[in-house]
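Each chain, letter by letter, is given below.
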Amino acid sequence: MENQSYVGESGGDAATLPIGYLHTNGHNHHDAHRDGNGNANNGQVQHTKVDVKTVPEESAAPLREKWGKNIEFLLSCVALSVGFGNVWRFPYTAYNNGGGAFVIPYLIVLFIIGRPIYYLEMVLGQFSNRGCVKVYDLAPVMRGIGVGQTIAIFTVITYYAAVLAITLRYLVASFSPELPWSQCDSNWTNCIDSVLKGNFTLDSNVTQPKTSAELYFKNTITHKVDSLDNGLGYPDWKLTICLIVSWVCIIAILIKGIKSSGKVSYFLAIFPYIIIAILLVRSLTLEGAWTGIAYFFKPQWDKLLTIEVWYEAVTQCFFSLTICFGGLIVYSSFNNFSNNIYRHALIITSLDTVTSLIAGCVVFGVIGHLAKVTGQTDISKVVQGGAALTFITYPDTIAKFDFIPQFFSVLFFFMLFLLGIGTLIGIVTSVITAIHDQRPDITRWKIVIGVGVAGFAIGLIYITPGGLIVLDVMDKYGATLVTLTLAVFELFTFAWIYGVNRVCKDIEFMLGIETGKFWRICWGIVTPLIVFIILVVSLINYEPVDAPYSLNAIGWCLYAFAVLQLPCWAIYALLQKHGHTWVESCKAVLRPMVDWGPEDPTKNAEYAEFIEEYNQQSSYQSGTFIHKLLKKIME
């Protein structure tokens, strides 16, 4: 962390000192204000002239790289948010938690948690032009949140790339004259060809039959073992090559910075929807498809009264939108200062939900067809979640297609590969930016290659025979629990330490719109409270992963390492305050740094005057605690 100054350390009333450097002449900003819908009114903002020192132009940091066009930012966010979770996690989670009834809590959660957090992270990223660590210049004592999120997101990167390698392996195999998982290998026992349809008589020696698609995934692709008694084993060489190719693609896209990844976003965001449309048409025309879709949407109203359903809705929302990982803040930090992110936030969150529902129709249409051709009347017996849905159930069904199954297999896995690449580009960018913001002296391409090599080396663990067991552990402790824990602190920092009012004033300065009470109430009360409750529920209902105790212990160590970044960086920030009393140091590190605000010096000067006037007009010196609390939220 840089040894920078904090607001209020040079004397005077800290509550009214300007933020940022000012020129010696005043500026006016925004001739008119607009309401939350963007309608203009005649209110004029007259800034108070504040005479403070001018920062020499040569000392100003170079401006941050920007997206080539606003549409590139929008499409990149779509590629970031729409990924594996929409295809394999949402359909199974919805089915398992009330079917069509699950859509109700999911939409409620999206409305009061997903969308507010999405918009909030976009606002602060674009306003400050800082990454997921540097954005905590608004309250340096909390910078450990950004560091912890970077650790969590790097954990996700390592196993996400491994899943992408498996996807690529299936994509290559799909070009075979005959799908390799359609028939049993001579070395497999208790196997049924996936190509078979209808009722068939099993051999007497087949006791627990498994499809060739399932055995192909376990025996040929992953060499999966049921326990780690004999260790992890060695990485599969074919998956290793696929992992190398995956990382080469990511590095090639990111090596030249955000402009090159922005150009690629046109393909990564749009083409998967073309494939989804083709697969949807094919799925709806399959025999038995509508039975499966009806099963998917069949409401189980009794489950709405269970806390587990709401917990699943919140976690699905987090991972589907990729919020509280830092990626959105990073992507927004490359925006032009006046970009209309309010509109972008509404578009992307709505599109993500629609995509999840369409993916559910595609998947359960295929599952309905699988039940029909196998003579299975109970659809629940052919439904599997997670990786099994993607790499076992879906390939098993494709093998039964009469019309060029290779074509639909290529489409499906190519779509998955593009979705995975799009998400990885975003989350890898957040790690690269976090490092580059702290060490701008290191050339960006070196950081890109360094992150790629490290991600590949760790990713080798997940493509060993025992790798999927490790993946489950890392996903639970290093991703889910860490993200939920740090999300609580992130929302507390943005809404209460920095303040909802201050966020709204930043939006007013940046976009010229006044923030409505809905956003204020969600940011200040509803969203943090619900996320906190979900975190408590997840800890109370904790169950260890089905893995050795030692591996669960490693998972808890990873969790502790990420979360303890918060107190460690808080202590570091306090120790940087030399020559101050303990109380003064605590107050100082809770205030934004002197250079907090827009990166452009002229805008930063205007912003300082704007906030100076706001601070002079605001007073929280009287009233009860409840009065101050409500005023802080609703003003």
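Brief notes about the overall build of the chain
Turning to step 1, where the next piece is worked out: From N to C terminus, the chain includes 21 helices and two strands.
Turning to step 2, where the next piece is worked out: Partitioning the intrachain contacts of the chain with sequence separation of at least 6 by distance along the chain shows that 83% fall at a separation of at least 24.
Turning to step 3, where the next piece is worked out: When the accessible area of the chain is evaluated, it comes to approximately 25,900 Å², of which 62% is carbon and sulfur surface.

Topic: helix α17 (residues 549-563)
Turning to step 1, where the next piece is worked out: Taking 1.5 Å per residue, 15 residues should reach 21 Å; α17 reaches 21 Å between its end C-alpha atoms and fits that length.
Turning to step 2, where the next piece is worked out: Of the surrounding elements, those touching the buried residues of α17 are α4 (144-173), α15 (467-511) and α18 (565-575).

Quick notes on the pattern of salt bridges
Turning to step 1, where the next piece is worked out: For the coordinates displayed, the defined rule picks out twelve salt bridges.
Turning to step 2, where the next piece is worked out: Here Glu72 ties to Lys263 by a salt bridge, and the two come within 3.1 Å at their closest N and O atoms. Here Glu72, found in helix α1 (residues 70-81), pairs with Lys263, found in helix α7 (residues 258-284); they are 191 residues apart in sequence, far enough to count as distant.
Turning to step 3, where the next piece is worked out: The class for Glu72 is buried, based on a relative accessible area of 1%.
Turning to step 4, where the next piece is worked out: Accessibility expressed as a relative area gives 49% for Lys263, which makes it partly exposed.
Turning to step 5, where the next piece is worked out: In this structure, Arg143 and Asp137 form a salt bridge, with 1.9 Å as the shortest nitrogen-oxygen distance. Across the pair, exposure class does not vary: Arg143 and Asp137 are buried alike.
Turning to step 6, where the next piece is worked out: Residues participating in the shared-partner salt-bridge network are Arg130, Lys134, Asp137, Arg143 and Asp595.

Some words on the environment of Lys303
Turning to step 1, where the next piece is worked out: One can find Lys303 in the loop between α8 (289-297) and α9 (307-321).
Turning to step 2, where the next piece is worked out: Sequence separation between Lys303 and Phe102 is 201 residues, and the spatial gap between their C-alpha atoms is 8.3 Å.
Turning to step 3, where the next piece is worked out: Lys303 has contacts with Asn96, Asn97, Gly98 and Val309, leaving out every residue within four places of it along the chain.

Quick look at the environment of Ser430
Turning to step 1, where the next piece is worked out: Inspection of the secondary structure puts Ser430 in helix α13 (residues 405-438).
Turning to step 2, where the next piece is worked out: Sequence separation between Ser430 and Phe154 is 276 residues; the distance between their C-alpha atoms is 9.2 Å.
Turning to step 3, where the next piece is worked out: Those residues in contact with Ser430 that sit more than four places away from it in its chain are Cys132, Ile153, Gly326, Gly327 and Val330.

As for the packing of α4 against helix α14 (residues 444-459)
Helix packing for two helices is described by the angle between their axes and how far apart those axes are.
Turning to step 1, where the next piece is worked out: Close contact between α4 and α14 brings their axes to 9 Å; oriented N to C, the two are set at 65°. Here the hand of the crossing between α4 and α14 comes out right-handed. Of α14, the residues touching α4 (which contributes Phe154, Thr158 and Ala162) are Val451, Ala454, Gly455, Ile458 and Gly459.
Turning to step 2, where the next piece is worked out: Per-class residue counts for the contact of α4 with α14 are five nonpolar, three polar and no charged.

Here's the deal with a nonpolar patch on the surface
Turning to step 1, where the next piece is worked out: Taken together, the side chains of Ile270, Ile274, Ile278, Phe403, Ile404 and Phe407 present a nonpolar region at the surface, about 530 Å² in accessible area.
Turning to step 2, where the next piece is worked out: Here Phe407 shows up in helix α13.

Quick look at the state of the cysteines
Should the sulfur atoms of two cysteines be covalently bonded, the bond is a disulfide.
Turning to step 1, where the next piece is worked out: For the structure shown, the criterion picks out one disulfide.
Turning to step 2, where the next piece is worked out: At a sulfur-sulfur separation of 1.9 Å, the disulfide partner of Cys184 is Cys191. With the S-S bond torsion at -90°, the cross-link from Cys184 to Cys191 turns out left-handed.
Turning to step 3, where the next piece is worked out: Exposure remark for Cys191: the relative accessible area of 18% places this residue in the buried category.

A short note on the confidence of the model for the chain
Where the model shows low pLDDT, its predicted coordinates should not be examined in detail.
Turning to step 1, where the next piece is worked out: Overall, the prediction assigns the chain a mean pLDDT of 82, with 85% of residues at 70 or greater.
Turning to step 2, where the next piece is worked out: Ignoring residues within four places in sequence, the model shows residues 1-60, a span with pLDDT below 50, making 148 contacts including any to other chains.
Turning to step 3, where the next piece is worked out: When the criterion is pLDDT under 50, residues 620-627 qualifies, and its contacts beyond four places in sequence or with other chains add up to eight contacts.

Topic: helix α12 (residues 387-398)
Turning to step 1, where the next piece is worked out: Its twelve residues place the ends of α12 16 Å apart at the C-alpha level, agreeing with the 16 Å of an ideal helix rising 1.5 Å per residue.
Turning to step 2, where the next piece is worked out: When you tally the buried positions in α12, you get eleven out of twelve residues, the bulk of the element.
Turning to step 3, where the next piece is worked out: For α12, every residue scored as buried is listed here: Ala388, Leu389, Thr390, Phe391, Ile392, Thr393, Tyr394, Pro395, Asp396, Thr397 and Ile398.

Overview of the nonpolar core
Turning to step 1, where the next piece is worked out: Residues Tyr119 and Phe318 are the most contacted members of the largest nonpolar core, which totals 191 residues.
Turning to step 2, where the next piece is worked out: In terms of residue count, the dominant contributor to this core is α15 (25 residues).
Turning to step 3, where the next piece is worked out: Residues in contact with Tyr119, not counting those within four places in the same chain, are Ile341, Tyr342, Ala345, Ile507, Leu511, Ile513, Trp519 and Trp523.

What to know about the environment of Pro548
Turning to step 1, where the next piece is worked out: Along the chain, the position of Pro548 falls in the loop between α16 (517-540) and α17.
Turning to step 2, where the next piece is worked out: In this structure the C-alpha to C-alpha distance between Pro548 and Asp229, which are 319 residues apart in sequence, comes to 8.8 Å.

Notes on the packing of aromatic side chains
Turning to step 1, where the next piece is worked out: All chains considered together, the criterion is met by 46 aromatic pairs.
Turning to step 2, where the next piece is worked out: Chaining the aromatic ring pairs together yields one cluster made of Tyr170, Trp181, Tyr216, Phe217, Phe391, Tyr394, Phe412 and Phe413.
Turning to step 3, where the next piece is worked out: Over the ring of Phe401 we find Arg282; its NZ or CZ atom is 4.8 Å from the centre of that ring.
Turning to step 4, where the next piece is worked out: The positively charged end of Arg282 is found above the aromatic ring belonging to Phe408, 5.3 Å away from the centroid.

Examining the side chain of Thr167
Turning to step 1, where the next piece is worked out: Along the chain, the position of Thr167 falls in helix α4.
Turning to step 2, where the next piece is worked out: The residues contacting Thr167, other than those within four sequence positions of it, are Phe84, Phe391, Phe413, Leu416 and Phe417.

Digging into the side chain of Thr349
Turning to step 1, where the next piece is worked out: Topologically, Thr349 is positioned in helix α11 (residues 341-373).
Turning to step 2, where the next piece is worked out: Looking at Thr349, the relative accessible area reads 0%, which means it is buried.
Turning to step 3, where the next piece is worked out: Reaching out from Thr349, the side chain makes a polar contact with the backbone oxygen of Ala345 at a distance of 2.7 Å.
Turning to step 4, where the next piece is worked out: Here the side chain of Thr349 touches Leu346 through a polar contact of 3.2 Å, landing on its backbone oxygen.
Turning to step 5, where the next piece is worked out: Once residues within four sequence positions are removed from consideration, Thr349 is found in contact with Leu110, Arg115, Tyr118 and Leu321.

What to know about unusual backbone geometry
Turning to step 1, where the next piece is worked out: The phi dihedral of Asn129 falls on the positive side, at around 55°, and the residue is not glycine.
Turning to step 2, where the next piece is worked out: Counting through the fold element by element, Asn129 comes out in the loop between α3 (103-128) and α4.
Turning to step 3, where the next piece is worked out: With a phi close to 65°, Cys324 is a non-glycine residue in the positive phi region.
Turning to step 4, where the next piece is worked out: Structurally, Cys324 is set in the loop between α9 and α10 (327-333).
Turning to step 5, where the next piece is worked out: For Cys324, a relative accessible area of 1% puts it in the buried group.

Reading guide: rules and limits
Residues numbered from 1 in each chain as written. Predicted model: local features only at pLDDT ≥ 70, side-chain atom pairs only at ≥ 80, totals over all residues. Heavy atoms only, no water. Helix = DSSP H or I, 4+ residues; strand = E, 2+ residues; numbered from the N terminus. Contact = heavy atoms within 4.5 Å. Areas by Shrake-Rupley, 256 points an atom, 1.4 Å probe, with all protein chains shown as cover. Expected span 1.5 Å × (residues − 1). Salt bridge = Lys/Arg side-chain N within 4 Å of Asp/Glu carboxyl O. Buried < 20%, exposed > 50% of the residue type's maximum accessible area, 1.4 Å probe, protein only. Axes fitted to C-alpha atoms, helices over the stretch in contact; angles between N-to-C directions. Left-handed = near helix turned anticlockwise from the far one by under 90°. Nonpolar A, V, L, I, M, F, W, Y, C, P; charged D, E, K, R; others polar. Patch = residues over 30% accessible without salt bridge, like charges linked within 9 Å, V, L, I, M, F, W, Y side chains within 5 Å. Disulfide = S-S within 2.5 Å. pLDDT = per-residue confidence, 0-100. Core = buried A, V, L, I, M, F, W, Y, C linked by side-chain atoms within 4.5 Å. Phe/Tyr/Trp six-rings, centres within 6.5 Å; stacked < 30°, edge-to-face > 60°. Lys NZ or Arg CZ within 6 Å of the ring centre and 35° of its normal. Polar contact = N/O pair within 3.5 Å; in protein donor to acceptor, adjacent residues only side chain to side chain.

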